[in-house]
Amino acid sequence: MAGHHEEGKPLLSAHVQSAAATDGGEEKKKLKKELTVLYGVGFLISDIIGSGIFLSPNGVIAQAGSYGLALVIWIVSGLMATGGALCYSELGTFVKKSGSEYAYIGEAYSFKKKNRYVATLGECMAFTYMWMFFVVGTPMSMAIDALLAAEYVVKPFYLNCDAPVVIVKLMAIVAVAIPAMLNAYSVKLTLQLSTFITFVKFIATAFIVALGVYHLATGCDTTFNDDFFKGSNYSPSGLSLGFYAALWSYDGWNALNFMAEEAKDVKTLPRAICIGMPIIIFCYALINLSFFAVLSVGELNRATAVALPFAYKTIGPTGEVIFSLLVTLSTFGAISAGILSDARVKFVAARDGLLPSFLCGVHNKFRTPLPAIVLSSIFIILMIIPSNLNQLVNSYSLAVWIFYGLVFAGLLIMRVTHKDVKRPFKPLVQDF
């Protein structure tokens with residue numbers, strides 16, 4: 001029966017097919033396969049390297065207590081994110097459906113149905129995730145980036161005082177509207193923009209690193225001491241909070257899987273991850289070392305936006321303006337990539353009947369999920385208007401890690417329940 005898989009068949013046979021077209025109407029709901037390895041790497045880097053690296057260094061070192069332990073936390077957190085992304089890539093190469101966690105949770109925990117009118121555990125859990133993601137997840141994450149972008153845009157005009165809240169929030173709304181329009185116009189253009197912003201981020205990263213090296217090479221006072229691990233805090237609570245802060249900066253490691261259905265080849269996702277994630281880890285390590293060379297542990301603890309005091313101490317007031325622009329571009333790329341990902345979750349959920357059907361509509365000319373993009377943007381703006389940064393960060397982090405854990409457990413479950421399904425890519429975990 002339409003809208004239901006056959007009684008007794010695994011969910012994979014009915015729902016994991018990539019929008020299999022049984023008639024002309026279904027064919028129109030298929031997304032174009034535009035995602036290549038190059039675009040995937042650019043999209044991944046653009047999505048991850050955003051506001052986090054300009055916020056988290058003070059949170060990490062506040063818990064680590066030393067430069068050395070802070071750097072270890074940054075690198076290990078990057079490896080953890082890479083491992084998670086590779087696990088997701090296995091799921092993305094055989095669960096050929098956009099939607100990432102929504103699709104994977106729904107498949108992993110959906111066992112045989114006795115009654116087609118009763119939802120499986122997987123369908124209920126996927127439904128719960130979809131609403132969490134719909135209301136809390138990406139809207140909050142993108143609202144954080146938009147507010148930070150707005151802060152950096154207006155700060156040069158209010159050097160000696162705080163910018164008015166209304167102006168900051170209006171700029172944040174603009175920072176959402178522009179990427180939304182680009183997403184609605186063209187997936188390819190959005191991916192090309194992500195790739196371009198990736199190069200801009202490399203320039204920003206190189207600029208920070210170059211300033212740090214110059215600061216050391218010219219004999220300027222440095223905050224490095226003989227013992228790089230002096231003052232380290234090895235308490236479990238301190239380490240946990242340090243990893244928490246660093247992993248926030250790597251958030252987005254799973255973003256490519258939202259576009260699994262649009263990948264040109266089954267190996268596109270793992271190849272893009274294996275190229276993109278090491279680049280991100282290396283960039284983060286270099287940026288942190290540059291911050292360490294210029295700012296003391298105490299200065300890092302006090303600076304929420306670490307790029308601005310770093311720029312002031314190395315260049316002067318002009319440096320604050322330059323870095324405000326660079327950080328704004330970084331967050332702009334993250335917002336664009338986030339809207340792209342979030343719209344795909346709504347698109348797939350609507351196609352499966354869990355959201356109103358108009359959200360799985362595709363623009364006739366541009367072949368993009370326009371209704372889902374518009375609704376995603378509205379939810380982000382609704383998060384911006386009443387909230388502040390701390391509220392958004394705490395609420396977001398509490399929600400998403402519960403579902404990440406469910407996905408990792410689901411991967412192990414599917415190695416048993418779907419052992420006969422071909423997997424083009426198998427990372428990390430051996431067959432049972």
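Position numbers for residues start from 1 in each chain and track the written sequence from start to end. The predicted nature of this model means local features are confined to residues of pLDDT at least 70 and side-chain atom pairs, given and counted, to a pLDDT of 80 or more, with totals for whole chains, interfaces and linings taken over all residues. To obtain the side-chain values, all non-hydrogen atoms of the structure were included, while hydrogens and water were left out.

Before going further, it helps to spend a moment on the overall build of the protein. When its secondary structure is counted, the protein shows 16 helices and zero strands. In this scheme, a residue with accessible area under 20% of its type's maximum is buried, one over 50% is exposed, and one in between is partly exposed, where area comes from a 1.4 Å probe on protein chains only. Each of the 432 residues in the protein was classed as buried or not, and the buried ones make up 55%. The criterion used for residue contact is that any of the two residues' heavy atoms lie within 4.5 Å. Of the contacts made within the protein by residues no fewer than 6 positions apart, 80% connect residues no fewer than 24 positions apart. Per-residue and other accessible areas follow the Shrake-Rupley method at a 1.4 Å probe size, with only the shown protein chains counted as cover for residues. With an accessible surface of roughly 18200 Å², the protein has 66% of that area assigned to carbon and sulfur atoms. Where helices and strands are cited, they refer to DSSP runs of H or I of at least four residues and of E of at least two residues respectively, numbered from the N terminus.

Attention shifts here to the packing of aromatic side chains. Between 30 and 60 degrees the pair is tilted, below 30 it is stacked and above 60 it is edge-to-face, where a pair is any two Phe, Tyr or Trp rings, Trp via its six-membered ring, whose centres lie within 6.5 Å. Enumeration according to the criterion identifies 15 aromatic pairs in this entry. Ring geometry for Tyr88 against Tyr104: centres 5.8 Å apart, planes inclined by 90°, an arrangement best described as edge-to-face. One end of the pair, Tyr88, is in helix α5 (residues 67-94); the other, Tyr104, is in helix α6 (residues 101-108), and 16 residues separate them in sequence. By relative accessible area, which is 0% here, Tyr88 ends up buried. Between the aromatic rings of Trp253 and Phe408, the centroid separation amounts to 6.1 Å while the plane-to-plane angle is 15°, which identifies the pairing as stacked. Placement of the pair is Trp253 in the loop between α10 (236-249) and α11 (268-294) and Phe408 in helix α16 (residues 389-417), with a sequence separation of 155 residues. Ring-pair connections join several aromatic residues into one group, and the members of that group are Tyr88, Tyr104, Trp253, Tyr404 and Phe408.

Moving on to the nonpolar core. Ranked by internal contacts, the top residues of the largest apolar core, which has 127 residues, are Met277 and Ile280. Among the elements that take part in this core, helix α7 (residues 121-154) stands out by supplying 18 residues, more than any other. Dropping the residues within four chain positions of it, Ile280 is found in contact with Leu44, Ile45, Ile48, Ile49 and Tyr250. The set of buried Ala, Val, Leu, Ile, Met, Phe, Trp, Tyr and Cys residues whose side-chain atoms join them within 4.5 Å is what this entry labels a nonpolar core.

The packing of two helices is summarised by the inter-axis angle and the distance between the axes. Where helix α3 (residues 37-48) contacts α11, the axes come no closer than 8 Å and their chain directions differ by 40°. Judged by the angle between their axes, α3 and α11 are oblique. α3 and α11 meet at a crossing whose hand is right-handed. Where α3 abuts α11, its residues Val37, Gly40, Val41, Leu44, Ile45 and Ile48 lie against Thr268, Arg271, Ala272, Ile273, Ile275, Gly276, Met277, Ile279, Ile280 and Tyr284. All axes here are fitted lines through C-alpha atoms, helices being fitted over the stretch that makes contact, and every angle between N-to-C directions spans 0 to 180 degrees. For this classification, under 35 degrees means roughly parallel, over 145 means roughly antiparallel, 65 to 115 means roughly perpendicular, and everything else is oblique. Note on convention: the crossing is left-handed when the near helix lies turned anticlockwise from the far helix by less than a right angle, right-handed when the turn is clockwise.

Put simply, α3 and helix α14 (residues 317-351) touch, their axes get as near as 7 Å, and they point 115° apart. In terms of their interaxial angle, α3 and α14 are classed as roughly perpendicular. Between α3 and α14 the crossing geometry is left-handed. Contact with α3, carried on its side by Phe43, Ser46 and Asp47, involves Ser330, Gly333, Ala334, Ala337, Gly338, Leu340 and Ser341 of α14 and no other residues of that element. Throughout, the ten residues Ala, Val, Leu, Ile, Met, Phe, Trp, Tyr, Cys and Pro are labelled nonpolar, Asp, Glu, Lys and Arg are labelled charged, and all others, Gly among them, are labelled polar. Its residues assigned to classes, the contact of α3 with α14 comprises four nonpolar, five polar and one charged.

A helix is expected to span 1.5 Å for every residue after the first. The end-to-end C-alpha distance of helix α9 (residues 187-217) is 44 Å, a good match for the 45 Å that 31 residues give at a rise of 1.5 Å each. Residue Ser186 occupies the N-cap position of α9, its side-chain oxygen lying 2.9 Å from the main-chain nitrogen of Leu189. Residues adjacent in sequence count toward polar contacts only when both atoms are side-chain atoms; beyond that, a polar contact is any pair of N or O atoms within 3.5 Å, and within protein one must be able to donate a hydrogen and the other to accept it.

Within the secondary structure, Leu340 is located in helix α14. A relative accessible area of 0% means that Leu340 is categorised as buried. Considering only alpha carbons, one finds Leu340 and Ala180, 160 residues apart in sequence, at a separation of 8.2 Å. When residues no more than four places from it in sequence are discounted, the contact partners of Leu340 are Phe43, Asn183, Thr190, Leu191 and Met259.

Let's shift gears to the confidence of the model for the protein. The pLDDT averaged across the protein works out to 78; a share of 84% of its residues lies at or above 70. Residue range residues 1-24 is modelled with pLDDT below 50. Its contacts to residues more than four positions away, or to other chains, number 42 contacts. Residue-level confidence of the predictor is summarised by pLDDT, bounded by 0 at the bottom and 100 at the top.

Moving on, we come to the pattern of salt bridges. When the charged atoms of two side chains with opposite charge come close together, those side chains can pair. Whenever a carboxyl oxygen of Asp or Glu lies within 4 Å of a side-chain nitrogen of Lys or Arg, that contact is scored as a salt bridge. Overall, the coordinates contain two salt bridges when judged by the stated rule. The closest approach of N and O atoms between Arg415 and Glu90, which form a salt bridge, is 2.7 Å. Here Arg415, found in helix α16, pairs with Glu90, found in helix α5; they are 325 residues apart in sequence, far enough to count as distant. Here Arg415 matches Glu90 in class, with each residue buried.

With eight of eight residues buried, α6 is to be regarded as a mostly interior element. Listed as buried for α6 are Glu101, Tyr102, Ala103, Tyr104, Ile105, Gly106, Glu107 and Ala108.

The next subject is the side chain of Ser324. Its location among the elements puts Ser324 in helix α14. The exposure class of Ser324 is buried, given its relative accessible area of 2%. Aside from chain neighbours lying at most four places away, what touches Ser324 is Tyr152, Pro156 and Leu308.

So, on to the environment of Thr82. Following the sequence through the fold, Thr82 ends up in helix α5. Linking Thr82 and Ile273, residues 191 residues apart in sequence, is a C-alpha distance of 7.3 Å. Thr82 has contacts with Ile273, Met277 and Ile281, leaving out every residue within four places of it along the chain.

Within the secondary structure layout, Glu299 lies in helix α12 (residues 297-302). Given a relative accessible area of 23%, Glu299 falls into the partly exposed group. As for Glu299 and Pro309, which are separated by ten residues in sequence, their C-alpha atoms are 8.4 Å apart. Apart from residues lying up to four places away in sequence, Glu299 is in contact with Val294 and Lys313. For Glu299, the side chain forms a polar contact with the main-chain nitrogen of Ser296, separated by 2.8 Å.

What follows covers a nonpolar patch on the surface. Patch membership needs two things, relative accessible area over 30% and no salt bridge, and members are linked within 9 Å if like-charged or within 5 Å if nonpolar (Val, Leu, Ile, Met, Phe, Trp, Tyr). On the surface, a cluster of nonpolar side chains totalling about 450 Å² of accessible area is made up of Val72, Val76, Met80, Phe229 and Tyr234. For Phe229, the location among the structural elements is in the loop between α9 and α10.

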